[in-house]
Amino acid sequence: MKAYTIVISGNELSERGYEALVKSSREVGNDFEIEVHEAVTPSTLDERMQSYDLIWNWPFGANIYDHSTQMWKCAYDSRFSAERIACAVSHFELWERSAYTEQNILVLEHDSIFTRRLDPELLLNSKYGFIGINDPHNATRLVDRFLSEVEKNPDHIQRVPTIDDLKIPQGTAGASAYLVKPWAADQIIDKVYELGLWPNDAIVCQQLFDFIGVTKTFYTKVQNLPSTTTK
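None of the values given here were measured: they were computed from a predicted structure.

**Here we look at the pattern of salt bridges**
Point 1. All told, the structure shown has 10 salt bridges when counted by the stated rule.
Point 2. Note that Arg-117 is salt-bridged to Asp-31, the shortest N-O span being 3.8 Å. Highlighted residues: Arg-117 in the loop between strand 6 (112–114) and helix 4 (120–124) and Asp-31 in the loop between helix 1 (12–28) and strand 2 (34–38), separated in sequence by 86 residues.
Point 3. A residue is classified by how much of its surface remains accessible, and Asp-31, at 60% relative accessible area, is exposed.
Point 4. Between Glu-149 and Lys-152 there is a salt bridge, with its nearest N and O atoms 3.0 Å apart. Separated by 3 residues within a single helix, Glu-149 and Lys-152 lie in helix 5 (residues 143–152), roughly one turn from each other.
Point 5. By relative accessible area, Glu-149 is classed as partly exposed at 22%.
Point 6. The network of salt bridges with shared partners includes Arg-145, Glu-149 and Lys-152.

Following this line, the structure appears as structure tokens:
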């Protein structure tokens, strides 16, 4: 397994978050290194989108009902469109790396921090291909419902919980700390080229894939750093 953190080069906030993440990983006793994946930024967005022939297909400003998937696409604030798209492309690049290298990849956003030691074998031996490890607090909506549904299930790694109407994309807690396996990355990439690129926490949803799981024990949480996608 390889572990990568998405870091905005030259951004003090992002780099400080990465340092705290690495420190926390060592403190809990993880025996894997965390490498930097240079984040896509608004200044590099067009080039990176073109290199993968990606088309963004998520609204800014007004919600849209997508008849092909029978789901609502809840719009983002258009003031931060480039930052939102850049975040999704950064995740897409790591899915590409997993598929191309045939490696299991642990993806961590720069504001993740470890709270307990992670044994990669627990994830690698699971039937699920995309596994969230993040505490949902401050990472996703309807946190209490998410926690309640996870707690009901006795399995250590379980199917991602349903917390809302199935017309709303539902996946892991923010899709900000997760393991992706090569065969799952392949399927996610195919779906991106079929539907267009969506936010990473929307395209990887239970309505589109049956291999999305979460851990009953959470291994990371967010650091509550200021957002770099709404600044």
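**A few points about the pairing of strand 1 (residues 2–7)**
Point 1. Of all 6 residues in strand 1, 5 are buried; the element is thus mostly enclosed.
Point 2. Here 5 bridges tie strand 1 to strand 2, and the two strands are oriented parallel to one another. Paired with Ala-3 across the two strands is Ile-34, which belongs to strand 2.
Point 3. With helix 1 bridging strand 1 and the parallel strand 2, this β-α-β connection has right-handed handedness.

**Side note on the pairing of strand 9 (residues 177–180)**
Point 1. Side chains Ala-177 and Leu-179 project from strand 9 onto one buried face, and the interleaved Tyr-178 and Val-180 project onto a second face that is buried too.
Point 2. Direction of pairing for strand 5 (residues 105–109) relative to strand 9: antiparallel, over a ladder of 4 bridges. Opposite Ile-105, over in strand 9, you have Val-180 as the bridge partner.

**Quick look at empty space enclosed by the protein**
Point 1. For the structure shown, the criterion picks out 1 cavity of 30 Å³ or more.
Point 2. Its volume calculated, the largest cavity comes out at about 30 Å³.
Point 3. Lining the largest cavity are Gly-132, Ile-133, Asn-134, Phe-146, Thr-172, Ala-173, Val-214, Thr-215 and Phe-218.
Point 4. Classifying every residue of the lining of the largest cavity by side-chain character gives 5 nonpolar, 4 polar and no charged.

**A closer look at the nonpolar core**
Point 1. Counting residues in hydrophobic clusters, the biggest one holds 51 residues, and the most contacted among them are Trp-95, Phe-130 and Val-180.
Point 2. Per-element accounting of this core gives the leading share, 8 residues, to helix 3 (residues 81–101).
Point 3. Apart from residues lying up to four places away in sequence, Trp-95 is in contact with Phe-130, Tyr-178, Val-180, Ala-185, Ile-188, Ile-189, Val-192, Asn-200, Ile-203 and Val-204.
Point 4. Ranked by size, the runner-up nonpolar core spans 19 residues in total, among them Val-7, Val-22, Leu-123 and Ile-157.

**Digging into the sheet that holds strand 8 (residues 157–159)**
Note on sheets: strands pair through backbone hydrogen bonds, and any given pair is parallel or antiparallel.
Point 1. In spatial order, the strands read 2-1-5-9-7-10-8; together these 7 strands make up an open sheet with mixed pairing. A strand with exactly one partner marks an edge of an open sheet, and here the two such strands are strand 2 and strand 8. Strand-to-strand twist across the sheet, computed as the mean angle between neighbouring axes with direction ignored, equals 30°.

**A look at the packing of helix 2 (residues 45–52) against helix 3**
Point 1. Direction vectors running N to C along helix 2 and helix 3 enclose 40°, while the axes themselves pass 10 Å from each other. Judged by the inter-axis angle, helix 2 sits oblique to helix 3. The handedness of the crossing between helix 2 and helix 3 comes out as left-handed. Seen from helix 2, the contacting residues are Leu-45, Arg-48, Met-49 and Tyr-52; seen from helix 3, they are Ala-82, Ile-85, Ala-86, Val-89, Phe-92, Glu-93 and Glu-96.
Point 2. Residues of the contact of helix 2 with helix 3, tallied by class, amount to 8 nonpolar, no polar and 3 charged.

Analysis parameters
- Residues numbered from 1 in each chain as written.
- Predicted model: local features only at pLDDT ≥ 70, side-chain atom pairs only at ≥ 80, totals over all residues.
- Heavy atoms only, no water.
- Salt bridge = Lys/Arg side-chain N within 4 Å of Asp/Glu carboxyl O.
- Helix = DSSP H or I, 4+ residues; strand = E, 2+ residues; numbered from the N terminus.
- Buried < 20%, exposed > 50% of the residue type's maximum accessible area, 1.4 Å probe, protein only.
- Pairing = 2+ DSSP bridges.
- Right-handed = clockwise from strand over helix to strand, strands pointing away.
- 1 Å grid on protein atoms, 1.4 Å probe; cavity = no way out; pocket = protein on both sides within 12 Å on 5 of 7 lines; lining within 4 Å.
- Points joined across faces, edges and corners; volume = space filled by probe spheres on them.
- Nonpolar A, V, L, I, M, F, W, Y, C, P; charged D, E, K, R; others polar.
- Core = buried A, V, L, I, M, F, W, Y, C linked by side-chain atoms within 4.5 Å.
- Contact = heavy atoms within 4.5 Å.
- Axes fitted to C-alpha atoms, helices over the stretch in contact; angles between N-to-C directions.
- Parallel < 35°, antiparallel > 145°, perpendicular 65-115°, else oblique.
- Left-handed = near helix turned anticlockwise from the far one by under 90°.

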